[in-house]
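Survey of secondary and tertiary structure
Spelled out, the chains give:
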Amino acid sequence: MLKPLNESKIAIIGLGYVGLPLAVAFAEKYKTIGYDIDSKRVDELQKGHDRTLEVEDEDLQKVLVKTPVELDEKGFGLQVTDAVLPISSCNIYVVTVPTPTDKHNKPVLTPMLKASEAIGRVLKKGDVVIYESTVYPGVTEEECVPVLEKVSGLEFNEDFFAGYSPERINPGDKEHTVTKILKVTSGSTPEVATYVDNLYKSVITAGTHKASSIKVAEASKVIENSQRDINIAFVNELSKIFNLLNIDTQEVLEAAGTKWNFLPFKPGLVGGHCIGVDPFYLAQKAQEVGYHPEIILAGRRLNDSMGKHVATETIKHMMRKDLKVIDSKVLILGFTFKEDCPDVRNTRVIDIYNELKSFDMEVDVYDPWADPAEVMHEYGIQIVNGDTQQNLAQYSAIILAVAHKKFKSWDLKKSDDKVIFDVKSVLSKEDVDARL
């Protein structure tokens, strides 16, 4: 028997870029417990600060409660914990953990399966487990549900139920926040599908779309980002072609964009936790059923080649100016995977860095948004951040890799002794040697 929504208590499993904004949204109306295995992260949130900057500290502090008693007395709010026991009182579990790929681009479901094990230890009759992490069709019911059944000893669709509602968070986007993005929902039975839809509908002001099945909802999410990846790959390939033809890609796109149905995609580096990863999930499932996806994987290969392309084109321009390459100093501006956001997950700026280093160049990276400790931990390189503008005169080449607003006010202009490569095409064409 499903507990009425107005009597429900919700557990959010994973308090990162996706989980925390969702937890805060639910906490404004429901008793909500946020669970994360990262004790440091939990400690920061308990003090009212979100280092991802997805949630304003003021908004987080408004809903925070310190104890389960306070949560029950208030009737809504957010308790944050790194212990499993507190979530045992919940009847709705929402899983928002990462779904990365390994070094061979194979999907890694370990975070989802570990989260399922944790939920399975406290799962009760009538509970609903909803997954938001991006996966290929079938993961919820074929991979996660068996774990829930095994650990809990309960029977799926008799004792407990499942749902899937793919996340659509856009890190750093303060306009399209979680409640303002239409949500796809689904459930393991028609009744549960309506229950899950009503849950999200109660906090998502943009509305919901109830899919016919969990697999349809899973597939809808994975193709959203695959479609974007392919479209960006197309304009990235155009950029390479037009560069050989000595035609400015941005001017071509501007001219083509005057047609009403031309899609306004721009070339660039494709990283992050979604677009650069999700196509591999769809490709994996396709290969499992005997189909080799050609366009999807071709798009991935093309996009993954852009970092090396930027580096080699920079070196070509240096050679044309008779500038020394080996032992020269190069500055990369920006390391996060997108502008004005601290997220460095799967950033492809690292490809530019590695390619330049392979030519024995001295490469500095400056990013006012990125956390140097996190970059060192994830990528093993040292970067500089802070508010101080770098001494640009010492560099033979400067690559504007990420279009942080801060950089637009810098005096970045090409000269006889300096190459400027504008990856994001935000500077004046006359001031740069090259751009995508």
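On a predicted model such as this, the values are computed, not experimentally measured, just so you know.

Cut-offs and rules
Residues numbered from 1 in each chain as written. Predicted model: local features only at pLDDT ≥ 70, side-chain atom pairs only at ≥ 80, totals over all residues. Heavy atoms only, no water. 1 Å grid on protein atoms, 1.4 Å probe; cavity = no way out; pocket = protein on both sides within 12 Å on 5 of 7 lines; lining within 4 Å. Points joined across faces, edges and corners; volume = space filled by probe spheres on them. Helix = DSSP H or I, 4+ residues; strand = E, 2+ residues; numbered from the N terminus. Nonpolar A, V, L, I, M, F, W, Y, C, P; charged D, E, K, R; others polar. Domains from an automatic or database assignment. Pairing = 2+ DSSP bridges. Axes fitted to C-alpha atoms, helices over the stretch in contact; angles between N-to-C directions. Core = buried A, V, L, I, M, F, W, Y, C linked by side-chain atoms within 4.5 Å. Buried < 20%, exposed > 50% of the residue type's maximum accessible area, 1.4 Å probe, protein only. Expected span 1.5 Å × (residues − 1). Bend = angle between axes of the 7 residues up to and from the residue. Contact = heavy atoms within 4.5 Å. Patch = residues over 30% accessible without salt bridge, like charges linked within 9 Å, V, L, I, M, F, W, Y side chains within 5 Å. Areas by Shrake-Rupley, 256 points an atom, 1.4 Å probe, with all protein chains shown as cover. Salt bridge = Lys/Arg side-chain N within 4 Å of Asp/Glu carboxyl O. Phe/Tyr/Trp six-rings, centres within 6.5 Å; stacked < 30°, edge-to-face > 60°. Lys NZ or Arg CZ within 6 Å of the ring centre and 35° of its normal. Right-handed = clockwise from strand over helix to strand, strands pointing away.

Here the focus is the layout of surface pockets. Approximately 1000 Å³ is the volume attributed to the second largest pocket. Taken together, 34 residues make up the lining of the second largest pocket; nearest its centre are Asn170, Arg228, Ile275, Phe337 and Lys338. With five residues, the single largest contributor to the lining of the second largest pocket is helix H8 (residues 214-244). Tallied by class, residues from the lining of the second largest pocket come to 14 nonpolar, nine polar and 11 charged. Two domains each donate at least three residues to the lining of the second largest pocket, and these are domain 1 (5-212) and domain 2 (257-268 + 298-435).

Within the open sheet, the six strands sit side by side as S3-S2-S1-S4-S5-S6. Their pairing is parallel. Looking at the sheet topology across the chains shown, the edges are occupied by strand S3 (77-81) and strand S6 (161-164). The mean inter-strand angle of the sheet, taken between neighbouring strand axes irrespective of direction, is 20 degrees. The sheet contact formed by strand S5 (residues 128-131) and S6 spans four bridges and is parallel. Directly across from Tyr131, in S6, lies its bridge partner Tyr164.

For the rest of this paragraph, the subject is the nonpolar core. Core analysis: the largest hydrophobic core is formed by 40 residues, its most contacted members being Ile87 and Tyr93. Ile12, Val18, Val63 and Tyr200 belong to the second-largest nonpolar core, a separate cluster that totals 36 residues.

Attention now goes to the sheet that holds strand S12 (residues 419-422). With parallel pairing, the five strands of this open sheet are ordered in space as S10-S9-S11-S12-S13. A strand with exactly one partner marks an edge of an open sheet, and here the two such strands are strand S10 (362-366) and strand S13 (434-435). Relative to S12, strand S11 (residues 397-400) runs parallel, the two being bridged by four bridges. Bridging from a neighbouring strand, Leu400 pairs with Asp422 of S12.

One face of the sheet, then the other: side chains in a regular strand alternate in exactly this way. Of all five residues making up strand S2 (residues 31-35), four are buried, and the element is well covered by its neighbours. Across five bridges, strand S1 (residues 9-13) lies against S2 in parallel orientation. The partner of Ile12 across the bridge, within S2, is Gly34. Direction of pairing for S2 relative to S3: parallel, over a ladder of five bridges. Paired with Thr32 across the two strands is Leu78, which belongs to S3.

Enumeration over the complete set of coordinates arrives at one cavity of 30 Å³ or more. Within this model, the largest cavity holds a volume of roughly 60 Å³. Around the largest cavity, the lining residues are Val18, Leu22, Glu132, Glu167, Arg168, Ile169, Val178, Ile181 and Lys183. Split by residue class, the lining of the largest cavity holds five nonpolar, no polar and four charged.

Compared with the 20 Å implied by 1.5 Å per residue over 14 residues, the 19 Å span of helix H6 (residues 139-152) between its first and last C-alpha is a close match. The largest bend in H6 is about 35 degrees, located at Val145, with the proline Pro146 one to four residues further on. Within the sequence span of H6, burial applies to Val139, Thr140, Cys144, Val145, Val147 and Leu148. Tucked into the core, H6 has its buried residues touching helix H5 (110-120), S5, S6 and H8. Gly153 sits one or two positions beyond H6 and adopts a positive phi of about 75 degrees.

Further remarks concern the environment of Thr249. Here Thr249 is to be found in helix H9 (residues 249-256). Separated by 154 residues in sequence, Thr249 and Ala403 have C-alpha atoms that sit 18 Å apart. When neighbours within four sequence positions are excluded, Thr249 is seen to be in contact with Leu238, Ser239, Phe242, Pro267 and Leu436.

We now examine a nonpolar patch on the surface. A cluster of nonpolar side chains, Ile241, Leu245 and Ile247, forms an exposed patch at the surface whose accessible area comes to about 260 Å². Tracing the backbone through its elements, the reader meets Ile247 in the loop between H8 and H9. Overall, Ile247 belongs to the partly exposed group, its relative accessible area being 39%.

One pass over the structure, following the stated rule, counts eight aromatic pairs. Between Tyr366 and Phe407 the ring centres are 6.1 Å apart and the planes differ by 55 degrees, which places this aromatic pair in the tilted class. Residue Tyr366 is located in strand S10, and its partner Phe407 is located in the loop between S11 and S12; the two are separated by 41 residues in the primary sequence. One exposure class covers both Tyr366 and Phe407, and it is buried. A network of ring pairs unites the aromatic residues Phe26, Tyr30 and Tyr200 as a single cluster. A cation over a ring is seen here: Lys259 above Trp260, with NZ or CZ 5.3 Å from the ring centre.

Turning our eyes to something else, we now look at the pairing of S10. The pairing of strand S9 (residues 329-333) with S10 spans five bridges and is parallel. The residue of S10 that forms the bridge with Leu333 is Tyr366. Note on the crossover from S9 through helix H13 (residues 349-357) to S10: the handedness is right-handed.

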